[in-house]
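# Structural characterization, general
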Amino acid sequence: MMDKVGSWLDERTGVSQVWQAIFKRKIPLGVNFLYTFGAVAMFLFTLQALTGIFLAMNYSPSPEHAYDSVLYITNEVAFGSIVRGLHHWGSSAMVVVVVLHMAVVFYLGTYRYPREVTWLTGVVLLLLVLGFSFTGYLLPWDEKAYWATAVGTNMAGTVPFVGGFLLALLRGGTEIGAVSLARFYAFHTFLLPALAISLMGVHLFLVVKHGVSVPPWIWRRATTGQKKTGRR
Ligand code: HEM
């Protein structure tokens, strides 16, 4: 029965090719834990998205209610403090893991031909991840959040030529207030996720298209015919 449904769907959508390309693809000999950071980043992104949806169900992005709604999530909502804690620590873990992933890609030299565009989409993804942290920091609307955002937006204001525009765009006025909070919330929950999910799609498409890179030590052995010496 399931087979019949499967082949009916496959004939009309070609879904098995997508499944094949993502989950049944061949990976090179010798890949090790260094190659897992991209997948860990993806796992963390999914965790942030899921915990973020639950937080948004009880959060209110207005100066009158933001702080209290965060207290409410932490103290009253069932599993609220766990969900908030996961989202809070997950955001730091995300930055650490994405930077590690980038460092590994740099160390292994896999940014080179033909994966330059994979690298470039990665650079934008890193900026988006930092954007999530910056915009999320204001949302609890406490003193720390307010002043961190005052400093951060002031820094954006010092960018040559476009500083004034950036400051106005981020604050929605000259001071940090209700419009700034609404904007940061909109960036954090609509704009950045839409950009990040689309770009991750391109990033992963390119990873599947080019296949995972052959580890340099395996490549060296294969091209020079060198015999295995030691661990590598
Ligand atoms: C949200 C952030 C990111 C996610 C979710 C992500 C996800 C992934 C995944 C799942 C892979 C395949 C497995 C692997 O090689 O680890 C990968 C590969 C790759 N990523 Fe990322 N990545 C992110 C950020 C970045 C950044 C910041 C860079 C560099 C600036 C980058 C550059 C690359 C490159 C060049 C590859 C190909 C590596 C290879 O074939 O060996 N990525 N990424």
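Details of the structure are given in the entry above.
### Thoughts on the site of the ligand
- Taken together, 25 residues lie near the ligand, and Y35, H101, G122, H203 and S213 sit nearest.
- One of the side-chain nitrogen or oxygen atoms of H101 is found 2.8 Å away from a nitrogen atom of the ligand.
- Within the side chain of S213, a nitrogen or oxygen atom sits 2.6 Å from an oxygen atom of the ligand.
- Elements represented by at least two residues in the shell around the ligand include exactly helix 3 (37–56), helix 5 (80–108), helix 6 (116–138) and helix 9 (178–210).
- Broken down by class, the residue content of the shell around the ligand amounts to 16 nonpolar, eight polar and one charged.

### Digging into the packing of helix 5 against helix 6
- Between helix 5 and helix 6, the least distance of the axes is 10 Å, while the angle of their chain directions is 160°. If you check the angle between helix 5 and helix 6, you find them roughly antiparallel. Helix 5 and helix 6 meet at a crossing whose hand is left-handed. Side by side, helix 5 and helix 6 meet where S91, M94, V95, V98, V99, M102, V105 and F106 of the first sit next to W119, L126, V129, L130 and S133 of the second.
- Its residues assigned to classes, the contact of helix 5 with helix 6 shows 11 nonpolar, two polar and no charged.

Reading the values: the criteria
Residues numbered from 1 in each chain as written. Predicted model: local features only at pLDDT ≥ 70, side-chain atom pairs only at ≥ 80, totals over all residues. Heavy atoms only, no water. Near = heavy atom within 4 Å. Polar contact = N/O pair within 3.5 Å; in protein donor to acceptor, adjacent residues only side chain to side chain. Helix = DSSP H or I, 4+ residues; strand = E, 2+ residues; numbered from the N terminus. Nonpolar A, V, L, I, M, F, W, Y, C, P; charged D, E, K, R; others polar. Axes fitted to C-alpha atoms, helices over the stretch in contact; angles between N-to-C directions. Parallel < 35°, antiparallel > 145°, perpendicular 65-115°, else oblique. Left-handed = near helix turned anticlockwise from the far one by under 90°. Contact = heavy atoms within 4.5 Å.

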